[in-house]
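Each chain, letter by letter, is given below.
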Amino acid sequence: MCSSGNHAAALALAAQLRGIPAHIVVPSNAPACKLAAVQEYGGNLILCEPSMAAREATAAKVAAETGATFIPPYDYGPVIAGQGTIGLELLQQAPDLDMVVVPVSGGGMLSGITLAAKALKPGILVIAAEPHGSNNAADVAASKRAGQLVADLPKPITIADGLQARLGEYTWPVVRDLVDGVVTVSDADIVAAMQLLFERMKLVVEPSGAAGLAAVLSKDFAAAVAHAKAQAAAEAAVSSSELNSSQQQQQQQPLNVGVILCGGNLDFKDFWRLD
């Protein structure tokens, strides 16, 4: 399989527990803590060039040579279903949520959470959080604006190394039809969110995992929420003029927002240096 983070570590451990080999294709520039976790869980680490084409070619070569079954990290039904249990557990623990904010890359986690959350609570809003990178390469936001999959953007140059994949055949339709909006964030936004999580909540969260909180704290979040609400009302064929005063007041009340913090894979050396 192709992954370097939680998915890679989880499959390596699952394979180890069942006494079968797991060949994990990882980009050569992946954080050392991710590589160490895969190896400690018994995965056979195979490095490749840091591009999606190289990862897919290497994985295909390994599968052909070993007879292994390729397990995609996001664009794969069982993986999407597994990720959906996050949404299931979240709403079991916090049933009054009005919105969920989810970091997005290839869209597996976003798709799974969206499908589960909207099945359990159809009126809930789902907002994706995406780093635009220093090269303004936020493909999910571009695809939502265009109404079709935008596949010609480069990989975003960002500290959120886990959010550099692309939407796929199975994830794009879910994002297109069910996700209510996308908020893009800068690396500075992400670092600020990480600092808040470290200092106030005492949580170790990697840049990719902090993108959701960065989106909520960003200047664009309120506008994205307003747009999502208006779109949801339009799709329900309810205009603001048709709402009674009680409904209007309810729409203006603060939202209960759940934020997905999806990873704590941080290289300590990058955050603590002694001169």
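Look up a bit, the structure's there.
Because the structure is a prediction, the values reported are computed rather than measured. (Residues numbered from 1 in each chain as written. Predicted model: local features only at pLDDT ≥ 70, side-chain atom pairs only at ≥ 80, totals over all residues. Heavy atoms only, no water.)

**Student:** How would you explain the packing of helix α6 (residues 139–146) against helix α7 (residues 171–178) if you had to name every residue and give the values?
**Tutor:** The description of two helices packed together rests on the angle between their axes and the distance between the axes. Interhelical geometry of α6 versus α7 gives an angle of 60 degrees and a closest axis separation of 10 Å. As far as their axial angle goes, α7 and α6 are oblique. For the element pair α6 and α7, the recorded crossing hand is right-handed. Two secondary-structure elements touch here, α6 through V140, S143 and K144 and α7 through W172, V175 and R176. Residue classes in the contact of α6 with α7 are distributed as three nonpolar, one polar and two charged. (Axes fitted to C-alpha atoms, helices over the stretch in contact; angles between N-to-C directions. Helix = DSSP H or I, 4+ residues; strand = E, 2+ residues; numbered from the N terminus. Parallel < 35°, antiparallel > 145°, perpendicular 65-115°, else oblique. Left-handed = near helix turned anticlockwise from the far one by under 90°. Contact = heavy atoms within 4.5 Å. Nonpolar A, V, L, I, M, F, W, Y, C, P; charged D, E, K, R; others polar.)

**Student:** Describe in detail the sheet that holds strand β6 (residues 257–259), supporting the description with residues and values.
**Tutor:** Strand order in the open sheet formed by four strands is β5-β4-β3-β6, with parallel pairing between adjacent strands. Whereas interior strands pair on both sides, the edge strands pair on one side only; in this sheet they are β5 (181–185) and β6. For this sheet the average axis-to-axis angle between neighbouring strands, irrespective of direction, equals 25 degrees. Bridge count for strand β4 (residues 125–131) against β5 is five bridges, and the pairing is parallel. Each bridged residue has a counterpart across the sheet, and for A128 the counterpart in β5 is V182. (Pairing = 2+ DSSP bridges.)

**Student:** Describe in detail the packing of helix α5 (residues 108–120) against α7, supporting the description with residues and values.
**Tutor:** Interaxial distance between α5 and α7 falls to 9 Å at its minimum, and their mutual angle equals 50 degrees. Relative to α7, the element α5 lies oblique. Seen from above, α5 lies across α7 with left-handed handedness. Here G108, L110, S111, T114, L115 and K118 of α5 come into contact with α7, specifically with T171, V174, V175 and L178. Residue composition of the contact of α5 with α7, grouped by class: five nonpolar, four polar and one charged.

**Student:** Describe in detail the nonpolar core, supporting the description with residues and values.
**Tutor:** Formed by 24 residues in total, the largest nonpolar core has its most connected members in M99, V101, I190 and A210. Only β3 (99–103), β4, β5, α8 (187–201), α9 (207–217) and α10 (221–235) provide two or more residues apiece to this core. For this core, the element with the most residues is α9, which contributes five residues. For M99, the contacting residues outside a window of four places in its chain are I124, L125, I127, F221, V225, L255, N256, V257 and G258. By size, the runner-up hydrophobic cluster in this structure holds 18 residues, among which are L91, V175, V179 and I260. (Core = buried A, V, L, I, M, F, W, Y, C linked by side-chain atoms within 4.5 Å. Buried < 20%, exposed > 50% of the residue type's maximum accessible area, 1.4 Å probe, protein only.)

**Student:** Which residues make up the side chain of S218, and what values do they have?
**Tutor:** Mapped onto the elements of the fold, S218 is located in the loop between α9 and α10. Among the polar contacts made by the side chain of S218, one reaches the main-chain carbonyl oxygen of A215 at a distance of 2.8 Å. (Polar contact = N/O pair within 3.5 Å; in protein donor to acceptor, adjacent residues only side chain to side chain.)

**Student:** Could you give me a rundown of the pairing of strand β2 (residues 44–48), with the residues and numbers involved?
**Tutor:** Relative to β2, strand β1 (residues 23–27) runs parallel, the two being bridged by five bridges. Each residue of the ladder has a partner; that of V26, found in β2, is L47. With respect to chirality, the unit in which β1 leads through helix α2 (residues 32–40) into the neighbouring parallel β2 is right-handed. (Right-handed = clockwise from strand over helix to strand, strands pointing away.)

**Student:** Describe helix α3 (residues 52–66), with residues and values.
**Tutor:** Here α3 spans 21 Å end to end across 15 residues, near enough to the 21 Å set by a 1.5 Å rise per residue. Here α3 has its buried residues at A54, R55, T58, A59 and V62. Looking straight down α3, one finds that the buried residues subtend no more than 125 degrees of arc, so they occupy a single side. More than 90 degrees from the buried face of α3, the exposed residues found are A53 and A64. (Expected span 1.5 Å × (residues − 1). Arc of directions from axis to C-beta.)

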